[in-house]
Amino acid sequence: MKKTFTDRLAGGLDAFISFFSPREGLKRRMFREAIKISDRFTSYRGASRDRLRSTWLPGGGSADEDLLPELKDIRERSRDLNRNDAHASGITSTMTTNVVGSGIRPQSRVDMEFLDITEDQANTFQKDAERVWKRWAPFADAGYRMDFYEIHS
């Protein structure tokens, strides 16, 4: 791994100090190595205090306190990104698909005890109810133009 200017400078300073005080030079090298190791094992990169994140001052409020004052700007920017950036649009589409999926898929499950019916009667009712749903959902509006999912999107 190629050393940066800062690493070379620190190494030179450590060597200079070690020349006059080997104990202090060793301490400096040990501490510098400990810092490198601890930086590698942080739980989150966003928590590191390297030069890229040294001036980062995150808000300490709740999600609402941090978000609501700038909500209008955030919405406008995210909509603009989705319109003009293929990557942002793809990410939004992928997340929507993963969260929402292919839509509502009702499954009929009746309470046999409450209805005081047998298991066979419950299974028959459940199959019939799902069959009726599948027939009705494509023509859910009064004009038979939209399916159930188009009405509720």
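Further up the page is the structure itself.
The rules behind the values
- Once a new chain begins, its residue numbering starts again from 1 and follows that chain's sequence as written.
- The predicted origin of the model limits local features to residues at a pLDDT of at least 70 and limits the giving and counting of side-chain atom pairs to 80 or more, whereas totals for whole chains, interfaces and linings rest on all residues.
- With hydrogens and water set aside, each side-chain value is computed from the structure's full complement of heavy atoms.
- Counted as salt bridges are all cases of a side-chain nitrogen of Lys or Arg within 4 Å of a carboxyl oxygen of Asp or Glu.
- The helix count covers DSSP runs of H or I at least four residues long, the strand count covers runs of E at least two residues long, and both are numbered beginning at the N terminus.
- For each residue, the accessible area found with a 1.4 Å probe, counting protein chains only, is set against the maximum for its type, and the residue is called buried under 20%, exposed over 50%, and partly exposed in between.
- Each patch groups residues whose relative accessible area exceeds 30% and which form no salt bridge, using 9 Å between like charges and 5 Å between nonpolar side chains of Val, Leu, Ile, Met, Phe, Trp and Tyr.
- Accessible areas in this description were obtained via Shrake-Rupley with a 1.4 Å probe; residue shielding takes into account the shown protein chains only.
- Charge counting treats Lys and Arg as positive and Asp and Glu as negative, with His and both chain ends excluded.
- Taken as the charge location is NZ of Lys, CZ of Arg, CG of Asp or CD of Glu.
- Any two of the Phe, Tyr and Trp rings considered here, Trp counted by its six-membered ring, make a pair once their centres fall within 6.5 Å; the pair's planes then place it as stacked at under 30 degrees, edge-to-face at over 60, or tilted in between.

Colleague: Any chance you could explain the pattern of salt bridges here in plain terms?
Modeller: Side chains that differ in sign of charge can pair as their charged atoms come close. In total, this model carries 7 salt bridges according to the counting rule given. For Asp14, the salt bridge is made with Arg32, and the minimal N-O distance between the two is 3.2 Å. One end of the pair, Asp14, is in helix α1 (residues 5-20); the other, Arg32, is in helix α2 (residues 22-40), with 18 residues separating them in the sequence. On the accessibility criterion, Asp14 (3% relative accessible area) is buried. For Arg32, a relative accessible area of 28% gives the class partly exposed. Of the charged contacts, one joins Asp80 and Arg83 as a salt bridge, the two residues approaching to 3.8 Å between their closest N and O atoms. Of this pair, Asp80 and Arg83 both sit in helix α4 (residues 71-84), 3 residues apart, which is roughly one turn of that helix.

Colleague: Could you clarify how one ought to interpret a negative patch on the surface in this entry?
Modeller: Taken together, the side chains of Asp64, Glu65, Asp66, Glu70 and Asp73 make up a negatively charged region of the molecular surface. Broken down by element, the negative patch gets its largest block of residues, 3 residues, from helix α3 (residues 63-67). Along the chain, Glu70 falls in the loop between α3 and α4. Given a relative accessible area of 39%, Glu70 falls into the partly exposed group.

Colleague: Mind showing me how you'd approach unusual backbone geometry here?
Modeller: Most peptide bonds are trans, and most residues other than glycine sit at a negative phi. Backbone geometry places Asp116, a non-glycine residue, at a positive phi of 55°. Mapping Asp116 onto the fold places it in the loop between α6 (112-115) and α7 (119-136). For Tyr144, which is not a glycine, the phi torsion comes out positive at approximately 60°. Relative to the assigned elements, Tyr144 resides in the loop between α7 and α8 (148-151).

Colleague: Got a minute to help me understand the packing of aromatic side chains in this structure?
Modeller: Aromatic rings in a pair are described by how distant their centres are and how their planes are angled relative to each other. For the structure shown, the criterion picks out 5 aromatic pairs. Ring geometry for Trp133 against Trp136: centres 5.4 Å apart, planes inclined by 50°, an arrangement best described as tilted. One end of the pair is Trp133 and the other is Trp136, both in helix α7 and 3 residues apart, which spans about a single turn. Here the aromatic rings of Trp136 and Phe148 are separated by 5.9 Å at their centres, their planes lie at 55°, and the arrangement is tilted. Of the two residues, Trp136 sits in helix α7 while Phe148 sits in helix α8, which places them 12 residues apart along the sequence. For Trp136, a relative accessible area of 41% corresponds to the partly exposed category. Counting every residue linked through ring pairs, the aromatic cluster contains Phe16, Phe19 and Phe20.

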